[in-house]
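Now for the letters of each chain:
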Amino acid sequence: MSSSFGVTARCADSTDYIELSGNIDASAEQQLQMLPGMVRCQVVRIDFSRARRINSMGIALLLRCFKHIREKNKAEIVLRELNPTNTILFKMTGIFLLASHEK
Amino acid sequence: MNNNTNRHVILALFNNIADENAFRPLLEGFPKLLSLSPPPDKNHFTGIMASAHMNPSLVILSSRFYHESRPELVAELRKQYPGADILLITLATDSLPPLQQVAKDRIRHLLVTPSDDEPEGISSQRTAINKLLVRSPWELRDYVRPGCLVHEYPLNSSRQKEALIAAVEDVIGGDSIDMELLRQRASLLADEMVENALYGAPQDHDGKKLYHKGEERSIAVDENIVFRFAFDGETLAMEIADGWGTLSPEMVVDFLSRNQEGMPMEEGEAGGRGLFIIWRFLDHLHVNIRPGQKTILGGHLKAASTLDFESPSGFSISTNYTSQ
């Protein structure tokens, strides 16, 4: 699995399906800034099954991105396929205040 | 007691006998330990302690006794024993002491004790207490089995980070869930430690960061950034040294406290989130600072440690401790 960050998005059944892959760190900044612009629907489901390491800079970028989607796009965010480490990381850094976790 | 016999004296303060008993496995056998359960009340504390003519190197304070029942106690202890370090101890099953107060009281050491009397866990914690007593810094080798290979990576470029993380992952063998989780945590910890040394430590005289996170940079020889790790099959110990020495104990506890009290929705990475993550993912965080010269930041974690958001981690932040 590549460690380079990537985003793929598609829209179906009134839901945006977004997949994040690779490491989420400072190198993800540009793509995560553009992500809110891809949102078309009121529900955004984000798949982390191909995401790898998420560091503190990645957390800061996700917080900024999710805040934008919630406040400007007025959309609900659902996170799925988080590994146990990233689940704990999201709990301790407040990500789940902006997005729900589909288990 | 004269000055000679005062060497390595421990004063331990507990809420009551039950509280003291809970920490007995951790503290039994220390030869110069005076336990008070509970200590004299507020009005008599100074007089009674002064009449005991003791001068402890270390004061151990149970978290069950901290802070609400005796808010003035830490200030009293500092006044009475200015040369003593203060160590807060708590059981893994208890909730974390209020870190804002810990920061305010300038407490630099927090030890989280397993509640199941697990001999190996207790042994590493007793080592930590002994190190505090002799003002000796944490050393990576102390927390892995004797003879365990220590891997050392001097860094000369930010480009080395991924190779270094891969080396940490490679050393953790095994397909079990515990080992997979350990690899995930280890790679995150290595990432944060390296980022801290590469982008957090280099600062100008006004404390302004010299490099932006993610920026590709070469590392000067005199920055002395060295990453070390060792894994003995159960415990992983890791540390990073930098030649900047810009971190201060106040900053460390403040960062942990601010992030623990509910994450601010800040958009940058100025709030010590990386350090907070390092602390929470380790079993115990150690920081030894020689101001303006060197910072060593590290710690250890066990493969069997529970990945639990609620369970507290310990920390130890020392200044100018030197190896014995």
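### Points about the overall build of chain B
Right, on to step 1. Broken down by element type, chain B carries 10 helices and 11 strands.
Right, on to step 2. On C-alpha atoms alone, chain B measures out to a radius of gyration of 20 Å, which is about the 20 Å that the 2.2 N^0.38 rule sets for 324 residues.

### Points about the overall build of chain A
Right, on to step 1. Counting its secondary structure elements, chain A contains 3 helices and 5 strands.
Right, on to step 2. A globule of 103 residues ought to have a C-alpha radius of gyration of about 13 Å, and chain A, at 12 Å, matches this closely.
Right, on to step 3. Across its three principal axes, chain A shows a C-alpha extent of roughly 30 × 25 × 20 Å.
Right, on to step 4. Looking at chain A as a whole, 41% of its 103 residues qualify as buried.
Right, on to step 5. For chain A, the proportion of contacts with a sequence separation of at least 24, taken over those separated by at least 6, is 73%.

### Overview of the sheet that holds strand β2 (residues 15-24) of chain A
Residues and elements named next belong to chain A.
Right, on to step 1. With mixed pairing, the 5 strands of this open sheet are ordered in space as β1-β2-β3-β4-β5. With partners counted over all chains shown, the strands left at the sheet margins are β1 (6-12) and β5 (100-102), one partner each. Strand-to-strand twist of the sheet, defined as the mean angle between neighbouring strand axes without regard to direction, takes the value 25°.
Right, on to step 2. Looking at chain direction, strand β3 (residues 43-54) and strand β4 (residues 76-80) are connected through 5 bridges and run parallel. When the sheet's bridge partners are listed, Val44 is paired in β4 with Ile77.

### Regarding the domain arrangement of chain B
Residues and elements named next belong to chain B.
Right, on to step 1. When its domains are assigned, chain B resolves into domain 1 (10-133) and domain 2 (140-319).
Right, on to step 2. Computed over C-alpha atoms only, the centres of domain 1 and domain 2 are separated by 27 Å.
Right, on to step 3. On the side of domain 2, 17 residues touch domain 1, which itself brings 15 residues to the contact.
Right, on to step 4. Those elements that provide at least two residues to the side of domain 1 that touches domain 2 are α5 (99-104), β5 (109-113) and α6 (119-133).

### Considerations on the interface of chain A and chain B
Right, on to step 1. At the interface, 22 residues of chain A touch 22 residues of chain B.
Right, on to step 2. Broken down by secondary-structure element, the contributors of at least two residues to the side of chain A that touches chain B are α2 (56-71) and α3 (84-93) of chain A.
Right, on to step 3. Of the residues belonging to the side of chain A that touches chain B, the class tally is 9 nonpolar, 8 polar and 5 charged.

### What about the sheet that holds strand β8 (residues 235-242) of chain B?
Residue and element names in this part refer to chain B.
Right, on to step 1. In spatial order, the strands read β2-β1-β3-β4-β5-β11-β9-β10-β8-β7-β6; together these 11 strands make up an open sheet with mixed pairing. At either margin of the open sheet sits one strand with a lone partner, and together these are β2 (33-36) and β6 (151-154). Between one strand and the next, the sheet's axes are offset by a mean angle of 15°, whatever the strand orientation.
Right, on to step 2. Sheet analysis places strand β3 (residues 58-62) next to strand β4 (residues 85-91), joined by 5 bridges and oriented parallel.

### A look at the pairing of β5(B)
Residue and element names in this part refer to chain B.
Right, on to step 1. Where burial is concerned, most of β5 is hidden: 5 out of the 5 residues are buried.
Right, on to step 2. With burial as the criterion, each face of β5 is covered, one bearing His109, Leu111 and Thr113 and the other bearing Leu110 and Val112.
Right, on to step 3. Bridge count between β4 and β5: 5 bridges; the pairing is parallel. Following the sheet pairing, Ile89 is matched in β5 by Leu111.
Right, on to step 4. At this point the chain moves from β4, through α5, to the parallel β5, and the crossover so formed is right-handed.
Right, on to step 5. Taken together, the 2 bridges between β5 and strand β11 (residues 314-319) define a ladder with antiparallel strand orientation. Across the sheet, the residue bridging to Leu110 is Phe315, located in β11.

### Some details on the nonpolar core
Right, on to step 1. Residues A:Leu62, B:Leu189, B:Ala190, B:Met193, B:Leu236 and B:Ile278 are the most contacted members of the largest nonpolar core, which totals 114 residues.
Right, on to step 2. In terms of residue count, helix α8 (residues 177-200) of chain B provides more of this core than any other element does, 11 residues in total.
Right, on to step 3. Counting contributing residues, this core receives three or more from each of domain 1 (10-133) and domain 2 (140-319) of chain B.

### As for helix α4 (residues 73-80) of chain B
Residue and element names in this part refer to chain B.
Right, on to step 1. Turning to α4, its buried residues are Leu73, Val74 and Leu77. Buried residues of α4, seen end-on, are gathered within an arc of 100° and therefore sit on one face of the element. Exposed residues pointing more than 90 degrees away from the buried face of α4 are listed as Ala75 and Lys79.
Right, on to step 2. Buried-residue contacts for α4 involve β3 and β4.

What counts, and where the lines are drawn
Along each chain, the written sequence defines residue order, and numbers are assigned to residues from 1. Note on labels: chains are lettered from A, ligands numbered from 1, in written order. Per-residue local features are limited, in this predicted model, to residues with pLDDT of at least 70; the limit for side-chain atom pairs, both in listing and counting, is 80 or more; totals at the level of whole chains, interfaces and linings are taken over all residues. Strands are runs of DSSP state E lasting at least 2 residues, helices are runs of H or I lasting at least 4, and numbering of each runs from the N terminus. Taken over C-alpha atoms, the radius of gyration is set against a globule rule of 2.2 Å times the number of residues to the power 0.38. Here a residue counts as buried when 20 or more other C-beta atoms fall within 10 Å of its C-beta, as exposed when 12 or fewer do, and as partly exposed in between; the C-beta atoms come from the backbone. Residue pairs are scored as contacts if the distance between their C-beta atoms, which are placed from the backbone, is within 7 Å. The criterion for strand pairing is that DSSP finds at least two bridges linking the strands in question. Only the stretch in contact is used when a helix axis is fitted, and all axes are lines through C-alpha atoms; the angle between N-to-C directions ranges over 0 to 180 degrees. An automatic or database domain assignment supplies the start and end points of every domain. The nonpolar class holds Ala, Val, Leu, Ile, Met, Phe, Trp, Tyr, Cys and Pro. Asp, Glu, Lys and Arg form the charged class, and all remaining residues, Gly among them, are polar. By convention, a crossover is right-handed whenever its connection, traced from the first strand over the helix to the second and viewed with the strands pointing away, goes clockwise. Here a nonpolar core is just a set of buried residues of the types Ala, Val, Leu, Ile, Met, Phe, Trp, Tyr and Cys, joined wherever their C-beta atoms sit within 7 Å. To obtain the arc, one takes the directions from the helix axis to the C-beta atoms.

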